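# Chain and residue survey
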Amino acid sequence: MIPAGKPSPPGDRAAWKRWIPLAILIACIGAAYVLDLQHYLTFDALRDHRQALQDVTRERPVVSAFIMVLVYAAATAVSVPGASFLTIAAGFLFGTWLGGMLAVSGATLGAVLVFLIARSSLGHGLRRRAGPWLARMERGFAENAMSYLLVLRLVPLFPFWLVNLVPAFLGVGLRTYTIATFIGIIPGGLVYASVGNGLGALFDRGEEPDMQIFLKPEVVMPILGLVALALVPVAYRYWKGHSGKDT
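Before going into details, it helps to say that this report is about the structure given with it. It should be emphasised that the depicted structure is a prediction, and the values quoted were computed from it without experimental measurement.

### What to know about the nonpolar core
Ranked by size, the top nonpolar core spans 27 residues in total, and within it L46, M68 and L199 carry the most contacts. Looking at this core, the elements that each hand over two or more residues are helix 2 (43-48), helix 4 (61-77), helix 5 (83-94), helix 6 (96-130), helix 11 (186-197) and helix 12 (199-204). With eight residues, helix 5 is the single largest residue contributor to this core. In contact with L199, other than residues within four places in its own chain, are F43, L46, I88, F92 and P209. Among the nonpolar cores identified, the runner-up in size contains 20 residues, and F141, L149, V163 and A230 belong to it.

Printed below as a string of structure tokens:
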């Protein structure tokens, strides 16, 4: 117990400060849902403001691109549903390649922000309470962290926000996390941006894009090929470990 009038130990102050970013993030998430920001992420809203958005993008391309990245990063950080819509909107305004890479950059920035907050605010305490089983899981994941993260980013087996958090608890390095996130979401980002690139023609016909595009074989097969490539190091380590035991 700390006597009255004496300052808290430096360790207590540091522990208290670690919770500030998490508290801010939670407040932002709550505000996003209270304000119902998802209501604005619709094709009707994009159609209604089509001309104004295209005019601003054409007149101020650099500023518009910067704002696109920031908006995407903020939406990713507060886990607002609608990442695919934002990627389509980026493709609609900037084209397939530039729009796709702006979306990928924004998503990576937001994911890294969540990762850092989770690691600093929750990671240390979780490790102290979890016991040896988490350490064993950390070792297993760390051996193939890049491969596992690439697979989780290439194929959305789990929600994007969950994949942002779990590596922070498993001791994945920031560099590995950032590279795997950036590379892993490029294929999906470009696919959705290509949809956005043709959105103007669909609007002119009074149609909306096919959001089931990821189910088409011409899209699924190349991504599965990338998944198989990402798992090659895992398979090699497994084979090498078992072949060593057999000799």
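So that's the structure; there's more coming.
### Digging into helix 10 (residues 174-184)
Burial in helix 10 covers these residues: Y177, A180, T181 and G184. Along the axis of helix 10, the buried positions cluster into a sector of 100 degrees, meaning they face one direction only.

### Concerning the layout of surface pockets
The gaps of empty space that remain are located by a probe, the size of a water molecule, rolled over the atoms. Estimated volume of the largest pocket: approximately 790 Å³. Around the largest pocket, the lining is made up of 32 residues, and of these Y72, A83, S84, P156 and F160 lie nearest the centre. Among the elements of the structure, helix 4, helix 5, helix 6, helix 8 (145-154), helix 9 (160-169) and helix 11 are those that each provide at least two residues to the lining of the largest pocket. Of the residues in the lining of the largest pocket, the class split is 23 nonpolar, eight polar and one charged. Here the second largest pocket defines a volume of roughly 650 Å³. Listed by contribution, the elements that provide at least two residues to the lining of the second largest pocket are helix 1 (10-34), helix 2, helix 3 (50-59), helix 4 and helix 5.

### Notes on the packing of helix 4 against helix 5
Packing of helix 4 against helix 5 brings their axes to within 11 Å, and their N-to-C directions diverge by 175 degrees. On the basis of their axis angle, the class for helix 4 and helix 5 is roughly antiparallel. Contacts from P61, S64, A65, M68, Y72 and A75 of helix 4 reach helix 5 at A83, L86, T87, A90 and F94. Residues belonging to the contact of helix 4 with helix 5 are distributed by class as follows: nine nonpolar, two polar and no charged.

### What to know about a nonpolar patch on the surface
A surface patch of nonpolar side chains, amounting to about 540 Å² of accessible area, comprises V63, F66, I67, L70, V71 and L109. In terms of residues, the nonpolar patch owes the most to one element, helix 4, which gives five residues. Structurally, L70 is set in helix 4. On the basis of relative accessible area, L70 is assigned to the partly exposed category, the value being 41%.

### Some points on the environment of F92
Tracing the backbone shows F92 in helix 5. A relative accessible area of 10% places F92 in the buried class. Sequence separation between F92 and L199 is 107 residues; the distance between their C-alpha atoms is 6.1 Å. Every residue in contact with F92, bar those within four places of it in the chain, is listed here: L46, R50, Q54, G196, N197, L199, G200 and F203.

### Quick notes on the environment of V195
Within the fold, V195 resides in helix 11. Considered as a pair, V195 and P209 are 14 residues apart in the sequence and their alpha carbons are 6.9 Å apart.

### Quick word on the packing of aromatic side chains
Scanning the model with the defined rule gives two aromatic pairs in all. A centroid spacing of 5.4 Å and a plane angle of 70 degrees characterise the contact between F43 and F85, whose relative ring orientation is edge-to-face. Remark: F85 occurs in helix 5 and F43 occurs in helix 2; sequence separation between them is 42 residues. The two residues F43 and F85 agree in class, both being buried.

Cut-off values and rules
Residues numbered from 1 in each chain as written. Predicted model: local features only at pLDDT ≥ 70, side-chain atom pairs only at ≥ 80, totals over all residues. Heavy atoms only, no water. Core = buried A, V, L, I, M, F, W, Y, C linked by side-chain atoms within 4.5 Å. Buried < 20%, exposed > 50% of the residue type's maximum accessible area, 1.4 Å probe, protein only. Helix = DSSP H or I, 4+ residues; strand = E, 2+ residues; numbered from the N terminus. Contact = heavy atoms within 4.5 Å. Arc of directions from axis to C-beta. 1 Å grid on protein atoms, 1.4 Å probe; cavity = no way out; pocket = protein on both sides within 12 Å on 5 of 7 lines; lining within 4 Å. Points joined across faces, edges and corners; volume = space filled by probe spheres on them. Nonpolar A, V, L, I, M, F, W, Y, C, P; charged D, E, K, R; others polar. Axes fitted to C-alpha atoms, helices over the stretch in contact; angles between N-to-C directions. Parallel < 35°, antiparallel > 145°, perpendicular 65-115°, else oblique. Patch = residues over 30% accessible without salt bridge, like charges linked within 9 Å, V, L, I, M, F, W, Y side chains within 5 Å. Areas by Shrake-Rupley, 256 points an atom, 1.4 Å probe, with all protein chains shown as cover. Salt bridge = Lys/Arg side-chain N within 4 Å of Asp/Glu carboxyl O. Phe/Tyr/Trp six-rings, centres within 6.5 Å; stacked < 30°, edge-to-face > 60°.

Just geometry here; none of it tells us what the structure is for.
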